Amino acid sequence: MSQLKPPPVSLLDKYYGEDAEAIYTGRVRITGGEAAHGRASGIARSDDGSLEAHLRLPAELGGPGGGSNPEQLMAASYGACFHGVLKLLAIRSGLDLQDATVDAAVTFARDPMDGLFLLSAEIRVYLPGIERACAAELVRNAERICPYAKMFRDGIDHVVALAPENESPPGGAAA
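Small disclaimer: the values here were computed from a predicted structure and weren't measured.

Visitor: Help me understand a positive patch on the surface, please; the structure alone is not making it clear to me.
Guide: A contiguous patch of positive charge on the surface is contributed by Lys14, Arg92, Arg144 and Lys150. The residue Lys14 is located in the segment before strand 1 (28–31) in this model. Residue classification places Lys14 among the exposed residues on the basis of a relative accessible area of 63%.

Visitor: So what exactly am I meant to see when it comes to the packing of aromatic side chains here?
Guide: Note on aromatic pairs: each is described by the distance of the centres and the angle between the planes. Going through the model one piece at a time under the given rule, you end up with four aromatic pairs. Taken together, a centroid distance of 6.3 Å and an interplanar angle of 20 degrees make the contact between Tyr78 and Tyr148 stacked. With Tyr78 in helix 1 (residues 70–93) and Tyr148 in helix 3 (residues 147–154), the pair connects residues that are 70 residues apart, well separated along the chain. Classification of Tyr78 by relative accessible area gives buried; the value is 8%. On the basis of relative accessible area, Tyr148 is assigned to the partly exposed category, the value being 26%. Relative to Phe152, the ring of Tyr78 lies with its centre 5.1 Å away and its plane at 25 degrees, an arrangement referred to as stacked.

Visitor: I would appreciate a short explanation of the layout of surface pockets in the present structure.
Guide: It is a probe the size of a water molecule, rolled over the atoms, that shows where empty space is left. The computed volume of the second largest pocket comes to approximately 190 Å³. Every residue along the wall of the second largest pocket is listed here: Arg124, Val125, Tyr126, Leu127, Arg132, Ala135, Ala136 and Val139. Broken down by secondary-structure element, the contributors of at least two residues to the lining of the second largest pocket are strand 5 (117–126) and helix 2 (132–145). Broken down by element, the residue count for the lining of the second largest pocket peaks at four residues, all from helix 2. Class assignment of the residues belonging to the lining of the second largest pocket gives a composition of six nonpolar, no polar and two charged.

Visitor: Just checking my understanding: could you explain the pattern of salt bridges for this structure?
Guide: Side chains that carry opposite charge are capable of pairing whenever their charged atoms lie near each other. Under the criterion given, the structure shown has three salt bridges. Among the ionic pairs, Arg45 bridges to Glu52, the shortest N-O distance being 3.2 Å. According to the relative accessible area criterion, Arg45 is partly exposed, its value standing at 31%. Looking at Glu52, the relative accessible area reads 47%, which means it is partly exposed. A salt bridge links Arg124 to Glu122; the nearest nitrogen and oxygen atoms lie 2.9 Å apart. Here Arg124 falls in the partly exposed class, since its relative accessible area comes to 46%.

Visitor: Please clarify how the packing of helix 1 against helix 3 should be interpreted in this entry.
Guide: Two quantities define a packed helix pair, namely the angle between the axes and the distance from one axis to the other. One way to put it is that helix 1 packs onto helix 3 with a least axis distance of 8 Å and a crossing angle of 120 degrees. Taken together, the axes of helix 1 and helix 3 are oblique relative to one another. Contacts from Met74, Ser77, Tyr78 and Cys81 of helix 1 reach helix 3 at Pro147, Tyr148, Ala149, Met151 and Phe152. Grouping the amino acids of the contact of helix 1 with helix 3 by side-chain chemistry returns eight nonpolar, one polar and no charged.

Rules used in this analysis
Residues numbered from 1 in each chain as written. Predicted model: local features only at pLDDT ≥ 70, side-chain atom pairs only at ≥ 80, totals over all residues. Heavy atoms only, no water. Patch = residues over 30% accessible without salt bridge, like charges linked within 9 Å, V, L, I, M, F, W, Y side chains within 5 Å. Areas by Shrake-Rupley, 256 points an atom, 1.4 Å probe, with all protein chains shown as cover. Salt bridge = Lys/Arg side-chain N within 4 Å of Asp/Glu carboxyl O. Lys, Arg positive; Asp, Glu negative; His and termini not counted. Charge placed at Lys NZ, Arg CZ, Asp CG, Glu CD. Helix = DSSP H or I, 4+ residues; strand = E, 2+ residues; numbered from the N terminus. Buried < 20%, exposed > 50% of the residue type's maximum accessible area, 1.4 Å probe, protein only. Phe/Tyr/Trp six-rings, centres within 6.5 Å; stacked < 30°, edge-to-face > 60°. 1 Å grid on protein atoms, 1.4 Å probe; cavity = no way out; pocket = protein on both sides within 12 Å on 5 of 7 lines; lining within 4 Å. Points joined across faces, edges and corners; volume = space filled by probe spheres on them. Nonpolar A, V, L, I, M, F, W, Y, C, P; charged D, E, K, R; others polar. Axes fitted to C-alpha atoms, helices over the stretch in contact; angles between N-to-C directions. Parallel < 35°, antiparallel > 145°, perpendicular 65-115°, else oblique. Contact = heavy atoms within 4.5 Å.

The values reported here are purely geometric and, on their own, carry no functional implication.
In C-alpha cells form, the structure reads like this:
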C-alpha cells in the first residue's frame, strides 16, 4: 500500500472566476429502511463503493440505534474537512500538527421559529504544542476557508427536485 499524500497546498490559492468551479462531487444513494418513523433508516452507499453506512434512528429519538444517522455523518464530514484545512494551512506555514484533534458535533433540534427542525454544529480544535496565538490564527483561518464552516455560517446553494415519473434511477450505487 502506498503512503498517503496530502492534497496540494495549491488548493489554498484563491480562485478568480465568475462561476463556481467544481473540483469534486461526492454521490450517495439511500435505499431501503423503515421510513415509517420519519427519520433516517436504510443504507447509504457511495457511487464508488467506498462508503456503506447502515442508517438507524438513534436510541435518544426512540429508535434501535445500532447504525449511523445523518447528524453523525454530517459531524464526520464537517470535522474531517476542518481537520484537512487545518493541516493544509499548517503545511503552508511550516508547522507540524501531528497531534491535532478536531471534535465535531451536529445537533438535531426543534426550531422555535417554525416549530419544526434545525441543525446546529460545533467544532472544538485541540492543537497541543502550538503556541496559543498561532493556534488561534490557524483556527480562524480554517473557519474562513472550510466549506462546511461556510455552509453553517452562510447557507448553501442547493436544489431539491422530484425526478420525472418516467425517469428511473441511474445504475450503480448513487445518482
